[in-house]
Amino acid sequence: MEKLKYERPVITKLNTGCLNKFGTKTTLTPVLQIDGVPIKKIIKEYGSPCFVLSEKTIRNTYKTAEHIFKNYYPKVQFAWSYKTNYLNAVCNIFHSEGSWAEVVSSFEFKKALANGVPGDKIIFNGPGKTKEALLLAVENNALIHIDHYDEMYVLVDLLKEIKSKARVAIRVNLDSGIYPMWDRFGFNYENGNAWTAINKIFSHPELELVGLHTHIGTYILTADAYKIASQKLSDLALKIKEKFNKNISYIDLGGGFASANSLKGAYLQGSDTIPHFEDYARSISEGLLNAGFESSELPTLFLETGRALIDDAGYLLGSVLANKRLTDGRKAIVANFGVNILFTSFWYNHKISPAQEFSYQTEDVVLYGPLCMNIDIIRENINLPLLNRGDNLVVHRIGAYNMTQWMQFIETRPNIVLIDTKGAIHLVREKEDVTIVTSQERVPEHLKNFDL
Ligand SMILES: *Cc1c(COP(=O)(O)O)cnc(C)c1O
């Protein structure tokens, strides 16, 4: 018989009495590979921590979503939300699947152009468009989604100056039953502001209104909110047809579909509670198909889905740095990845798996990151097997927002690798080092030398 591995003793409190209402606790399983590639191999070659993306999962998720939406509605066009994950490799996977680009800054706009997205397939959203950014968008014939009147006036002045025209939409905010309502972006539907903005656009011959846009929020758990949103935008489109005899060519319902992550404080696991693409598609198609459009004049449905298309495809691999005992008796583990690179741990209880075999003993621990900063907590409470320094962990569903919202704070950022559909590993963003970070710094001459 094989000799069992020594494990330090642990005291487990026995909870006598009933099972809790969710039944017995979910058992932990080690995660040893991603798409057939051993995790230990990735860590050996690319270090720890290291981000991993699965091309197979990205493509499968996209294909599933597109297939479902096209079953429910005849004209659907996805546009990849750059801010969700603007690694060029990731964007290009979506573009190769047929997705356009949705950007919210001139930085993202330039990234999309450099990736080879034709300007007229770039949707330009956001409240912070500068005059230079608007010029770039006009020159590339992009779809400009106007957020407020000041932007509209700057754009009209610019178009007069360069004697040009632009294809625009307005962003509409509306009450879809999701609170707090995101009314800081765009023009309000209920108080008539959106209709005023539309009338203003028709008074400017430089502007051609081609679409209507809304983005009601993110991680929306009620699919019906999209039905309300699509009804309200359809109502505006039909009114435009009636008053100006102009067909609105698309209705853009933004992003916001939930990913399977569990929100902090949520009663049940995200994977058990979130709506399926099918639920969102049904709600949206009911809203659009029943609105009263002539069938030959149905607007194209644009979707700027972000997190629901990429979260599952991302993993963060890391290592245990230390075990500690806190003064109140709780066990703590210090990992080598913190909120600096796992921004979403502020609102998600990410699923975390051990990356090696273990015995049946587990313990509840606080999982800290390595930052010398009190807020650096990955999980307030998580049940893990007994881990030692050097053991590895896998954080699941981290594809959305972490690789864009990460901070260069205390530590530099790690490697990101992509596993392609054949199982080959590609480095898609090289880790930073101190020279990368300091190369942007300038030290004034009088501060260059000192004696200590
Ligand atoms: C962030 C954003 C998206 C993507 O949102 P998700 O919730 O990640 O799907 C889409 N459209 C706009 C305008 C956004 O700001």
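Here the structure is a predicted model, which means the values were calculated and not measured. (Residues numbered from 1 in each chain as written. Predicted model: local features only at pLDDT ≥ 70, side-chain atom pairs only at ≥ 80, totals over all residues. Heavy atoms only, no water.)

**Topic: the overall build of the protein**
(1) Moving on: A count of helical and extended segments in the protein gives 13 helices and 20 strands.
(2) Moving on: In terms of overall size, the protein behaves like a compact globule, its C-alpha atoms giving a radius of gyration of 25 Å where 452 residues would be expected to give roughly 22 Å.
(3) Moving on: Taken across its 452 residues, the protein has 51% of its residues classed as buried.
(4) Moving on: Counting only contacts in the protein whose residues sit at least 6 apart along the sequence, the fraction spanning at least 24 positions is 70%.
(5) Moving on: Carbon and sulfur atoms provide 53% of the accessible area of the protein, an area that totals close to 22200 Å². (Helix = DSSP H or I, 4+ residues; strand = E, 2+ residues; numbered from the N terminus. Rg over C-alpha atoms; globule rule 2.2 N^0.38 Å. Buried < 20%, exposed > 50% of the residue type's maximum accessible area, 1.4 Å probe, protein only. Contact = heavy atoms within 4.5 Å. Areas by Shrake-Rupley, 256 points an atom, 1.4 Å probe, with all protein chains shown as cover.)

**Remarks on the pairing of strand S19 (residues 416-419)**
(1) Moving on: In S19, alternate side chains face the same way, and those of Ile416 and Leu418 on one face and Val417 and Ile419 on the other are all buried.
(2) Moving on: Here strand S3 (residues 50-54) pairs with S19 via four bridges, running parallel. The partner of Ser54 across the bridge, within S19, is Ile419.
(3) Moving on: Sheet topology places S19 next to strand S20 (residues 425-429); four bridges connect them, and they run antiparallel. Bridging from a neighbouring strand, Val417 pairs with Leu427 of S20. (Pairing = 2+ DSSP bridges.)

**Describing the site of the ligand**
(1) Moving on: What surrounds the ligand is a group of 16 residues, the closest being Lys83, Thr218, Gly256, Glu304 and Tyr401.
(2) Moving on: Contact between the ligand and Gly256: an oxygen atom at 2.8 Å from a main-chain N or O atom of the residue.
(3) Moving on: Contact between the ligand and Arg307: an oxygen atom at 2.9 Å from a main-chain N or O atom of the residue.
(4) Moving on: Its free accessible area being 390 Å², the ligand has 94% of it covered by the protein chains.
(5) Moving on: Taken atom by atom, the bulk of the ligand overlaps the second largest pocket.
(6) Moving on: A class-by-class count of the residues in the shell around the ligand yields one nonpolar, 10 polar and five charged. (Near = heavy atom within 4 Å. Polar contact = N/O pair within 3.5 Å; in protein donor to acceptor, adjacent residues only side chain to side chain. 1 Å grid on protein atoms, 1.4 Å probe; cavity = no way out; pocket = protein on both sides within 12 Å on 5 of 7 lines; lining within 4 Å. Sits in = over half its atoms within 2 Å of the grid points. Nonpolar A, V, L, I, M, F, W, Y, C, P; charged D, E, K, R; others polar.)

**What to know about the packing of aromatic side chains**
(1) Moving on: Tallied over the full model, the rule gives 23 aromatic pairs.
(2) Moving on: Ring plane angle 20° and centroid distance 4.1 Å describe the contact between Phe257 and Tyr280, whose orientation is recorded as stacked. Of the two residues, Phe257 is situated in the loop between strand S11 (250-252) and helix H9 (270-273) and Tyr280 in helix H10 (residues 277-289); the sequence distance between them amounts to 23 residues. No difference in accessibility class separates Phe257 from Tyr280, as the two residues are buried.
(3) Moving on: An aromatic cluster of at least three residues, connected via ring pairs, comprises Tyr62, Phe69, Phe78, Trp80, Phe94, Tyr226, Phe257, Phe277 and Tyr280.
(4) Moving on: For the cation-ring pair, Lys129 lies above Phe124, with the distance from its terminal atom to the ring centre recorded as 5.6 Å.
(5) Moving on: The ring of Tyr149 carries Lys200 above its face, with NZ or CZ at 4.4 Å from the centroid. (Phe/Tyr/Trp six-rings, centres within 6.5 Å; stacked < 30°, edge-to-face > 60°. Lys NZ or Arg CZ within 6 Å of the ring centre and 35° of its normal.)

**Here we look at the pattern of salt bridges**
Two side chains carrying opposite charge are able to pair once their charged atoms lie near each other.
(1) Moving on: According to the stated counting rule, one finds 19 salt bridges in the structure shown.
(2) Moving on: Of the charged contacts, one joins Glu286 and Lys227 as a salt bridge, the two residues approaching to 3.1 Å between their closest N and O atoms. Here the residue Glu286 occupies a position in helix H10, and Lys227 occupies one in helix H8 (residues 224-244), the gap between them amounting to 59 residues.
(3) Moving on: Among the charged side chains, a network of salt bridges with common partners joins Glu55, Arg59, Lys63 and Glu97. (Salt bridge = Lys/Arg side-chain N within 4 Å of Asp/Glu carboxyl O.)

**Side note on helix H6 (residues 149-162)**
(1) Moving on: Compared with an ideal rise of 1.5 Å per residue, which puts 14 residues at 20 Å, H6 spans 20 Å between its outermost C-alpha atoms and is within 8% of the ideal.
(2) Moving on: Residues Glu151, Met152, Leu155, Val156, Leu158 and Leu159 constitute the buried set of H6. Here the buried residues of H6 occupy an arc of 165° about the axis, which is enough to place them on one side. Set apart from the buried face of H6 by more than 90 degrees, the exposed residues are Asp150 and Glu161.
(3) Moving on: On its buried side, H6 packs onto helix H5 (131-139), strand S7 (143-146), strand S8 (166-173), strand S9 (187-188), helix H7 (193-202) and strand S10 (207-213).
(4) Moving on: Phi turns positive one or two residues past the end of H6, at Lys163, with a value near 50°. (Expected span 1.5 Å × (residues − 1). Arc of directions from axis to C-beta.)

**Section: the side chain of Ser353**
(1) Moving on: You can see Ser353 is positioned in strand S15 (residues 352-354).
(2) Moving on: In terms of polar contacts, Ser353 uses its side chain to reach the side chain of His396, at 2.7 Å.
(3) Moving on: Those residues in contact with Ser353, other than ones at most four positions away along the chain, are Thr29, Val31, Asn392, Leu393, Val394 and His396.

**As for the domain arrangement of the protein**
(1) Moving on: The assigned domain composition of the protein is domain 1 (33-53 + 313-431) and domain 2 (125-305).
(2) Moving on: Here the C-alpha centroids of domain 1 and domain 2 sit 37 Å apart.
(3) Moving on: Each partner contributes to the interface: domain 1 provides nine residues, whereas domain 2 provides nine residues.
(4) Moving on: Taking both partners together, domain 1 and domain 2 bury about 760 Å²; carbon and sulfur atoms supply 44% of that area.
(5) Moving on: The tally of links between domain 1 and domain 2 comes to zero salt bridges.
(6) Moving on: Here domain 1 is connected to domain 2 by five residue pairs in polar contact (both at pLDDT 80 or more). (Domains from an automatic or database assignment. Buried area = accessible area lost by both parts, 1.4 Å probe.)

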